[in-house]
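Given next are the chains, with one letter for each unit.
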Amino acid sequence: MALHSTLAPAQPGGVPQGLPALGDGVDLSIASERRLGDRIARGIYRDPDLVDDAVLGDYLQAVWQPLVKAARLRGDLSAELQERFAWELFLVRDRSVNAFALPGGYLGVHTGLIAAVGSSDELAAVMGHELSHVTQRHIARMLTQQQNQTPWLVAAMILGVLAAGRSTNAANAALVGGQAVAMQGQLNFSRDMEREADRVGFGVMTEAGFSAEGASAMFEKLQQANRFNDNGSFPYLRSHPLTTERIADARTRTQAQSAPAARPGNLPSAAWHAMMAGRARVLSEAGPDAMVAQLQQARRLPASASREQSLSVFYAAALAAARLREAADARELVAKVMSLAGGGPQIGQAARLLAIEVETLLGDANRGAALVSWSATPSRAELLTQGRALLLAGRAAELSERLQSWVSLYPRDATAWALLAQARQQQGQLLQAVRADAESRAVQFDYQGAVDRLKAAQDLLRQSTTGLAGTNLHIEASIIDTRARQFQAQLREQALQDRSNR
Ligand SMILES: [Zn+2]
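Quick notes on the rules
For every chain, the first residue of the written sequence is number 1, and numbering continues from 1 along that sequence. With the structure being a predicted model, the display of local features is reserved for residues of pLDDT at least 70 and the display and counting of side-chain atom pairs for 80 or more, all residues being used for whole-chain, interface and lining totals. Helix and strand labels come from DSSP, where a helix needs a run of H or I of at least four residues and a strand needs a run of E of at least two; each type is numbered from the N terminus. Neighbour density around each residue's C-beta defines its exposure: 20 or more other C-beta atoms within 10 Å make it buried, 12 or fewer make it exposed, and counts between make it partly exposed, where C-beta atoms are placed from the backbone. We call two residues in contact whenever the C-beta atoms placed from their backbones are within 7 Å. Linking buried Ala, Val, Leu, Ile, Met, Phe, Trp, Tyr and Cys residues through C-beta atoms within 7 Å yields a set, and such a set is a nonpolar core. Take the number of residues in a helix, subtract one, and multiply by 1.5 Å to get its expected span. To obtain the arc, one takes the directions from the helix axis to the C-beta atoms. What we call the bend at a residue is the angle made by axes fitted to the seven residues finishing there and the seven residues starting there. Between any two strands, at least two bridges found by DSSP are needed for them to pair. Note on method: axes are straight lines fitted to C-alpha atoms, helices fitted across the in-contact stretch only, with angles between N-to-C directions ranging 0 to 180 degrees. Orientation categories follow fixed angle ranges, with anything under 35 degrees roughly parallel, anything over 145 roughly antiparallel, 65 to 115 roughly perpendicular, and all other angles oblique. Left-handed describes a crossing whose near helix is turned anticlockwise from the far helix through less than a right angle; right-handed describes the clockwise counterpart. Charged residues are taken to be Asp, Glu, Lys and Arg, nonpolar residues to be Ala, Val, Leu, Ile, Met, Phe, Trp, Tyr, Cys and Pro, and polar residues to be all remaining types, Gly included. A residue's pLDDT is the predictor's confidence in that residue, given on a scale from 0 to 100.

**What about the overall build of the protein?**
Counting its regular elements, the protein contains 24 helices and 3 strands. Out of the 502 residues in the protein, the part that is buried amounts to 45%.

**Side note on unusual backbone geometry**
We note that W87 has phi near 50°; this positive angle belongs to a residue other than glycine. Within the secondary structure, W87 sits in the loop between α3 (79-84) and β1 (88-92). W87 gets classed as partly exposed once you count the C-beta atoms within 10 Å, which come to 18. We note that R325 has phi near 65°; this positive angle belongs to a residue other than glycine. Along the polypeptide, R325 turns up in the loop between α15 (307-323) and α16 (327-341). Judged by C-beta crowding, with 11 C-beta atoms within 10 Å, R325 ranks as exposed.

**Examining the environment of V154**
The topology assignment puts V154 in helix α7 (residues 151-164). Here V154 falls in the buried class, since 24 other C-beta atoms lie within 10 Å of it. Distance in space between the C-alpha atoms of V154 and I40 is 9.2 Å, their sequence separation being 114 residues.

**A word on the environment of R453**
Counting through the fold element by element, R453 comes out in helix α23 (residues 447-463). C-alpha separation for the pair R453 and R441, spaced 12 residues apart in sequence, amounts to 9.2 Å. Leave out the neighbours within four places in its chain, and R453 touches V434, D437, A438 and R441.

**Some words on the nonpolar core**
By size, the foremost hydrophobic cluster in this structure holds 135 residues, and its most contacted members are L67, I114, A317, A318, V337 and L354. Setting aside anything within four residues of it in sequence, one finds I114 in contact with L56, V109, L123, M276, A277 and A280.

**Things to note about helix α20 (residues 396-409)**
Here α20 contains 14 residues, and its C-alpha end-to-end distance of 20 Å stays within 8% of the 20 Å for a straight helix at 1.5 Å per residue. Among the residues of α20, A396, L399, S400, L403 and W406 are the ones counted as buried. Here the buried residues of α20 occupy an arc of 130° about the axis, which is enough to place them on one side. Of the exposed residues in α20, the ones pointing more than 90 degrees away from its buried face are A397, E401, S405, S408 and L409. Close packing links the buried residues of α20 with α19 (380-392) and α21 (414-426).

**What to know about helix α2 (residues 54-74)**
For the α-helix, the turn length of 3.6 residues means that residues three or four positions removed from each other point alike. Along its 21 residues, α2 runs 29 Å from first to last C-alpha, staying within 8% of the 30 Å computed at 1.5 Å per residue. Where α2 bends most, at Q61, the angle is about 25°. The positive-phi residue at the C-terminal boundary of α2 is G75, with phi of around 85°.

**A short note on the pairing of strand β2 (residues 99-102)**
Going residue by residue along β2, you find A99 and A101 tucked away on one face and F100 and L102 tucked away on the opposite face as well. As paired strands, β2 and strand β3 (residues 106-110) are joined by 4 bridges and run antiparallel to one another. Residue pairing across strands places A99 opposite V109, the latter belonging to β3. The loop that links β2 with its antiparallel partner β3 comprises 3 residues; one of these, G104, has a positive phi angle of about 80°.

**Thoughts on the sheet that holds β3**
If you trace the 3 strands from one edge of the open sheet to the other, you get β1-β3-β2, paired in mixed fashion. The strands lining the two open edges of the sheet, one partner per strand, are β1 and β2. Across the sheet, the mean angle separating the axes of adjacent strands is 20° when strand polarity is ignored. Helix-sheet contacts for helix α5 (residues 120-135) involve β2 and β3, and the interaxial angle to β2 is about 20°.

**A closer look at the packing of α21 against helix α22 (residues 430-443)**
Relative orientation of the contacting elements α21 and α22 amounts to 165°, with a least axis distance of 8 Å. Viewed along their axes, α21 and α22 adopt a mutual orientation that is roughly antiparallel. The element α21 and its partner α22 pack so that their crossing is left-handed. Where α21 abuts α22, its residues A414, W417, A418, L420, A421, R424 and Q425 lie against Q432, A433, A436, D437, E439, S440 and V443. A class-by-class count of the residues in the contact of α21 with α22 yields 8 nonpolar, 3 polar and 3 charged.

**Some thoughts on the confidence of the model for the protein**
Here the protein averages 84 in pLDDT, and 84% of its residues register 70 or above. Below a pLDDT of 50 lies the segment residues 1-26, which in the model reaches 30 contacts outside its immediate sequence neighbourhood of four places, other chains included. Note that pLDDT drops below 50 for residues 169-186; the model gives that stretch 39 contacts with residues more than four away or on any other chain.

**Focus: the packing of helix α10 (residues 213-227) against helix α12 (residues 244-256)**
Where α10 contacts α12, the two axes come as close as 9 Å, and the packing angle between them is 155°. Taken together, the axis directions place α10 and α12 in an arrangement best described as roughly antiparallel. Here α10 and α12 pass one another in a crossing that is left-handed. Contacts from E213, A215, S216, F219 and Q223 of α10 reach α12 at I247, A250, R251 and T254. In terms of residue class, the contact of α10 with α12 is built from 4 nonpolar, 3 polar and 2 charged.

Structure (structure tokens):
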């Protein structure tokens, strides 16, 4: 790549423009923390265990959004921070129990956490705590204390700490940074920060309408794991050591909480959580043995099992059977889930999307597409799950239209862009396909990949325009040129930052 020779040398002295000012005793600015977060996100996007599951994603958002809103109402979250941070959730395929806040408003959740908690209230307790580390600017304060560290090293350290908290072999994960494990102690929040995140997080979750019991149940779960010295499957305990003080504080807070008002209808129901916990169990472990184990659980489920238990076990087993291509079992289990779920907005929808997903996994295009129906404003899970079924059935045209309006609303949705690229490909609209693919890469900070794809599109245009479908070829060509220039500029800036900070 000839790019390097055109780079300007790093500015002598001081901090190069666009980089966090660390070690000067001043807290990281909001803009600098966001840039550092983006840099870490770049590493995470390359991790093969990062999973963009729209179904679990919608469930997580149903817990997360009320928390953010409550933090805003309580005055914990400033308008500026809300506006300028990413507020993006990463779901990591890992059976261990963990969640972590990153610089710039990124938050990571292991699938193992969703599988392990008994309710959305417990999940809200953990996410509210992590959210409060961000809103109270604990990350900025902690990073300011990392004297003499370049932002590049800080980013590498944080990625390494994340890798160390994984149950998979860290050497295989992309989240590996130099010297990271040895530095872990330095990256933990202080006891005072933990106390504050406990206190503010509790206020945020109860203000959002989650039950205070969720916080004590979560503490109990962590305490139990602590007693069994189950550190390996609870990396969360390593970053959040339980002290008698934290436990006592939590108990006092729960007791002081007045009797709960009616639970707001927008929060996840117990049945929805049960289904999503089942899904998280399947997503946490990919091997065929684990799938067989899910099926056996469904066979052994006692008749006395509660509705929630049954929904959770049957949901997981249906998905597992579909992955094993056991069509008859999968369909029988889906029918059980659907009859237990009924038609409610949260769980009726979850059951219907499960049915479509199972048919798509089984490769039955007609059955899957026959179940597709759209709400007035489709959720992301609805769009992507039904979209894959339509694609399999060769109905790309209707899908493209929906995806196109979705990405104009949510231009940072890499998975939607990637699905749009597949749909355009199926329609024979190659230029649009290549551009959608490029947008998907750029959202994940892979500007090189984006530029390469747009160059291929420009070549395609130069060679011939006769075989290219689409009505507005000139407009499409000019969009491609503009986007190529923009991504080139972002690529140069990225390379400059990388070079000047190593
Ligand atoms: Zn914490």
